[in-house]
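Each chain, written out:
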Amino acid sequence: MVERRFPDGFLWGTATAAYQIEGAVDEDGRGPSIWDTFSHTPGKTFEGHTGDVACDHYHRWPEDVHLMQQLGAPAYRFSIAWPRILPQGTGQVNQRGLDFYDRLVDALLQAEITPFVTLYHWDLPQALQDRGGWAARETAEAFAAYADVVARRLGDRVKHWITHNEPWVVAFVGHFLGVHAPGIQDARIAIQVSHHLLLSHGHAVPAIRAASPDAQVGITLNLSPVRPATEAEEDRLAAQRYDGFLNRWFLDPLFGRGYPQDMLATYGELAPTAQTGDLDAIAVPIDFLGVNYYTPAFVRYDASVLNPLKAILVPPEELQAAGYELTEMGWAIVPDGLYELLIRLQRDFAPSTIYITENGAAFADQLEDGAVRDPKRIAFLHDHFAAAHRALQDGVPLRGYFVWSLMDNFEWAHGYSKRFGLIYIDYETLERIPKESYAWYSEVIRANGLVQ
Ligand SMILES: OC[C@H]1NNC[C@@H](O)[C@@H]1O
Ligand SMILES: [Ca+2]
């Protein structure tokens, strides 16, 4: 019998993103994205992997929808490739790009699957990067125009819209660490990019609402509870700064409080250039907050002058030595971190609705005798679902949970070497092989809860 039942109508789902699964990068008028450029740049991705073919979802999407239907998940989160819609980023609309998503949406609705559409999941048209990319304010306007085009075509059937996926990753991994496209390493640019991403969100929301009646519009942030490595004052203060860097820098302006003062002070002359009205635009009310949770941030003080934050993450090997189990990404498995995060969000920001728009794990999945046994993923999901259930019982307005990911896919700089899927992809044949966790998740959805 079901011990931990979720509310009726709870939206169980799976999540993917265009560049990670579609392939067909030069088909039907698609223009190049910054991830085409980046992945084809020697040394940037694991063994030079690219998204040229990926899971070939662009051609195999009917089979993938069928697999979703068999799973029984009532929702599916996917992203739209801006370069398929506007190959030059602005101007000429590519109808064949819109047609692809139009057919996909119709198939999902036919399968009684609710589509959640992410408008930006990192594949900026290269033509816009050539004109400054997210470091240029004009790109924020281009994003709103792109959102308008898509919402006009799909807004009668798509009623759940996510403007951005993980703006922190786009800004800081793409423009400060340089490990993601466009591969820039500049703190000032990264901080300015974060402002333009938020601004583009603020301008896109009204455009979506105008074109998609009674739509629910939100944004997805990668958020983590931040834990000091020790109770030492310097570590606790470092953790506070890191919380500002990762979480509050985005949450505060989105929830109408402007940028956090402590972070503006920490950034000093690296602080972003904003114009009058920007913060009001960014604070446009949203219908839900999308939360991507994977692991907490364990932080210690760092004195190096190169680091304005003076805070660093505790490395994975130390976490492992401290007894944490890690995923293949080197991320500590801490289900309680999800509960802690949701309770904090409810306490400090009180979003009207929260969706977990991503949670999942990469493990060293092996195909043996045509099957993939992934007990670690089942345990991971079970424990995180249980944490979400506890948060629900404590009043968190959680309305859905999307497992990352439906299928193994292109894990950015790691290429295809990290497998997050409920479905195994044989990249030689592109065959889809449901893992044991797929059947287990199907049971959870059917029972709408955890049976033990
Ligand atoms: O690293 C796993 C996932 N994290 N959030 C963004 C997705 O694109 C990643 O694959
Ligand atoms: Ca082309």
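Scroll up for the structure.
Residues numbered from 1 in each chain as written. Chains lettered and ligands numbered in written order. Predicted model: local features only at pLDDT ≥ 70, side-chain atom pairs only at ≥ 80, totals over all residues. Heavy atoms only, no water.

1. Side note on the environment of Gly9
Then step 1. If you trace the backbone, Gly9 turns up in the loop between strand E1 (4-5) and strand E2 (11-15).
Then step 2. A C-alpha to C-alpha distance of 45 Å links Gly9 and Asp186, two positions 177 residues apart in sequence. (Helix = DSSP H or I, 4+ residues; strand = E, 2+ residues; numbered from the N terminus.)

2. Quick look at the site of ligand 1
Then step 1. All residues in the neighbourhood of ligand 1 are listed as Gln20, His121, Trp122, Asn165, Glu166, Tyr294, Trp331, Glu358, Trp404, Glu411, Trp412 and Phe420.
Then step 2. Here an oxygen atom of ligand 1 and a side-chain polar atom of Gln20 are 2.7 Å apart.
Then step 3. His121 is positioned with one of its side-chain polar atoms (N or O) 2.8 Å from an oxygen atom of ligand 1.
Then step 4. Expressed as a share of its isolated accessible area of 280 Å², the protein-covered part of ligand 1 is 95%.
Then step 5. Class assignment of the residues belonging to the shell around ligand 1 gives a composition of six nonpolar, three polar and three charged. (Near = heavy atom within 4 Å. Polar contact = N/O pair within 3.5 Å; in protein donor to acceptor, adjacent residues only side chain to side chain. Areas by Shrake-Rupley, 256 points an atom, 1.4 Å probe, with all protein chains shown as cover. Nonpolar A, V, L, I, M, F, W, Y, C, P; charged D, E, K, R; others polar.)

3. Examining the packing of helix H3 (residues 57-71) against helix H5 (residues 95-110)
Then step 1. Here H3 crosses H5 at 15°, and the two axes come no closer than 10 Å. Relative to H5, H3 is oriented roughly parallel. By crossing handedness, the relation of H3 to H5 is classed as right-handed. Contact with H3, carried on its side by His57, Tyr58, Trp61, Val65 and Met68, involves Arg96, Phe100, Arg103, Leu104, Ala107 and Leu108 of H5 and no other residues of that element. (Axes fitted to C-alpha atoms, helices over the stretch in contact; angles between N-to-C directions. Parallel < 35°, antiparallel > 145°, perpendicular 65-115°, else oblique. Left-handed = near helix turned anticlockwise from the far one by under 90°. Contact = heavy atoms within 4.5 Å.)

4. A short note on the side chain of Asn292
Then step 1. Looking at where Asn292 falls in the secondary structure, it is placed in strand E8 (residues 288-292).
Then step 2. In this structure the side chain of Asn292 is engaged in a polar contact, spanning 2.8 Å, whose partner is the side chain of Glu166.
Then step 3. If sequence neighbours within four positions are ignored, Asn292 has contacts with Arg77, Asn165, Glu166, Thr220, Leu221, Asn222, Leu223, Thr357 and Glu358.

5. Concerning helix H8 (residues 167-177)
Then step 1. Most of H8 is tucked away, with nine of its eleven residues classed as buried.
Then step 2. Of all the positions in H8, only Pro167, Trp168, Val169, Val170, Ala171, Phe172, Val173, Gly174 and His175 are classed as buried.
Then step 3. Against strand E4 (114-120), strand E5 (160-165), helix H9 (187-211), strand E6 (216-222), helix H10 (233-254) and helix H11 (261-267) lie the buried residues of H8.
Then step 4. Looking at the residues trailing H8, positive phi occurs at Gly178, about 80°. (Buried < 20%, exposed > 50% of the residue type's maximum accessible area, 1.4 Å probe, protein only.)

6. Observations regarding the pattern of salt bridges
Then step 1. Summed over the entire model, instances satisfying the criterion amount to 32 salt bridges.
Then step 2. The salt bridge partner of Arg257 is Asp252, with a shortest N-O separation of 4.0 Å.
Then step 3. Connected through salt bridges with shared partners, the residues Asp99, Asp102, Asp106, Arg153, Asp156 and Arg157 form a single ionic network. (Salt bridge = Lys/Arg side-chain N within 4 Å of Asp/Glu carboxyl O.)

7. Topic: unusual backbone geometry
Then step 1. Cis peptide bonds are those with omega within 30 degrees of zero, and the linkage from Ala181 to Pro182 qualifies with 5°.
Then step 2. Checked against the element boundaries, Pro182 lands in the loop between H8 and H9.
Then step 3. Although it is not a glycine, Asp28 sits at a positive phi angle of roughly 50°.
Then step 4. Take Asp28: it is sitting in the loop between helix H1 (18-21) and helix H2 (34-39).
Then step 5. By relative accessible area, which is 28% here, Asp28 ends up partly exposed.
Then step 6. Despite not being glycine, Glu112 has its phi angle at roughly 60°, a positive value.

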